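Structural overview for review
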Amino acid sequence: MRRPGARAAVLTASLTLALALAGCGSSEGESGPELSVSGAYMPQPVSDSMAAGFLTIRNDGGTQDELTSVTSDIAGTVTVHETVDSAMREIRNLAVPADGEVVFRSGANHLMFEKLKRKPQQGDTVSVVLHFAESGPVTVEMPVKPATYTPATGH
């Protein structure tokens, strides 16, 4: 003879075990990228045709993402550059590591705004769109600072 509650108890135990096992498959390392941008600025350009931009991209997610391109309505093109041994070179894709950050600063990674449509002045704000391989585009409002501006270090 079967007890009516026994089948319900077995089903409940089976469902609990299935949910627990499903939870085991989603470890922290499998979460997608979670991007944020801080410290964005553009020094007032001295050139009528080019400018630089700096910012920090933080990824609090469990998987890497990749910066694939940058656009801005102020420039014909925006490219990503790195500086290695005092030599600047363009890079196509830039990895943003899981649980890490990429810092764009003078003398290192930076954005190059080329073919400026207008020369931004101190106090202006330049809109920039960062495009990523995995995440959606991120729009950043980049204030134009004095040409000699140096951000406070230590974050």
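Residues numbered from 1 in each chain as written. Predicted model: local features only at pLDDT ≥ 70, side-chain atom pairs only at ≥ 80, totals over all residues. Heavy atoms only, no water.

1. Some points on the confidence of the model for the protein
In low-pLDDT segments, the atomic positions of the prediction should not be examined closely. For clarity, the threshold we go by: Predictor confidence is given residue by residue as pLDDT, running from a minimum of 0 to a maximum of 100. In this analysis, two residues are considered to be in contact whenever any of their non-hydrogen atoms come within 4.5 Å of each other.
Per-chain confidence: the protein averages 84 in pLDDT, with 79% of residues scoring 70 or above. For the stretch residues 6-29, pLDDT sits under 50, and the model shows four contacts to residues farther than four places along the chain or on other chains.

2. Points about the packing of aromatic side chains
Think of a pair of aromatic rings as described by two things: how far the centres are apart, and how the planes are tilted against each other in angle. Worth spelling out the cut-off: Aromatic pairs are defined between Phe, Tyr and Trp rings, using the six-membered ring for Trp, whenever the two ring centres lie within 6.5 Å; interplanar angles under 30 degrees are classed as stacked, those over 60 as edge-to-face, and all others as tilted. Helix and strand definitions here come from DSSP, where helices need a minimum of 4 consecutive H or I residues and strands a minimum of 2 consecutive E residues; each element is numbered from the N-terminal end. Classification of residues uses two cut-offs on accessible area relative to the type maximum, computed with a 1.4 Å probe and protein chains only: under 20% is buried, over 50% is exposed, and between them is partly exposed. In this scheme, the term charge over a ring applies when either NZ of a lysine or CZ of an arginine sits within 6 Å of the ring centre and within 35 degrees of the ring normal.
The final tally for this structure, using the stated rule, is two aromatic pairs. Arranged with centres 5.3 Å apart and planes meeting at 35 degrees, the rings of Tyr 41 and Phe 54 form a pair that is tilted. Of the two residues, Tyr 41 is situated in strand E1 (residues 35-43) and Phe 54 in strand E2 (residues 50-59); the sequence distance between them amounts to 13 residues. Given a relative accessible area of 7%, Tyr 41 falls into the buried group. Taken together, a centroid distance of 4.8 Å and an interplanar angle of 75 degrees make the contact between Tyr 41 and Tyr 149 edge-to-face. Residue Tyr 41 is found in strand E1, and its partner Tyr 149 is found in the segment after strand E10 (138-145); the two are separated by 108 residues along the sequence. Of the aromatic side chains, those joined through ring pairs into one cluster are Tyr 41, Phe 54 and Tyr 149. It is Lys 145 that lies over the ring of Tyr 149; its NZ or CZ is 5.2 Å from the centre.

3. Quick look at the environment of Pro 33
Residue position: Pro 33 is located in the loop between helix H1 (4-24) and E1. Along the sequence, Pro 33 and Asp 65 sit 32 residues apart, while their C-alpha atoms lie 6.1 Å from each other. Among residues more than four places away in sequence, those in contact with Pro 33 are Asn 59, Gly 61, Thr 63, Gln 64, Asp 65, Glu 134 and Ser 135.

4. Thoughts on unusual backbone geometry
A negative phi holds for most residues other than glycine; trans holds for most peptide bonds. A positive phi angle, near 50 degrees, is found at Asp 99, a position not held by glycine. Within the secondary structure, Asp 99 sits in the loop between strand E6 (94-96) and strand E7 (100-103). Residue classification places Asp 99 among the partly exposed residues on the basis of a relative accessible area of 45%. Positive phi, normally seen in glycine, also occurs at Lys 115, with a value near 55 degrees. Take Lys 115: it is sitting in strand E8 (residues 110-116). Among the residues examined, Lys 115 registers a relative accessible area of 61% and is labelled exposed.

5. Some points on the environment of Pro 146
Along the chain, Pro 146 turns up in the segment after E10. Remark: the alpha-carbon pair of Pro 146 and Gln 121, spanning 25 residues in sequence, is separated by 8.5 Å. Those residues in contact with Pro 146 that lie beyond four places of it in its chain are Pro 43, Gln 44 and Gln 122.

6. Observations regarding the side chain of His 81
Which entries qualify depends on this criterion: Side-chain atoms alone can form a polar contact between residues adjacent in sequence; in general such a contact is a pair of N or O atoms within 3.5 Å, and within protein one must be able to donate a hydrogen while the other accepts it.
For His 81, the location among the structural elements is in strand E4 (residues 75-84). At 3.3 Å, the side chain of His 81 forms a polar contact with the side chain of Thr 79. Setting aside residues no more than four positions away along its own chain, His 81 makes contact with Met 88, Arg 89, Glu 90, Ala 108, Asn 109, His 110, Met 112 and Glu 114.

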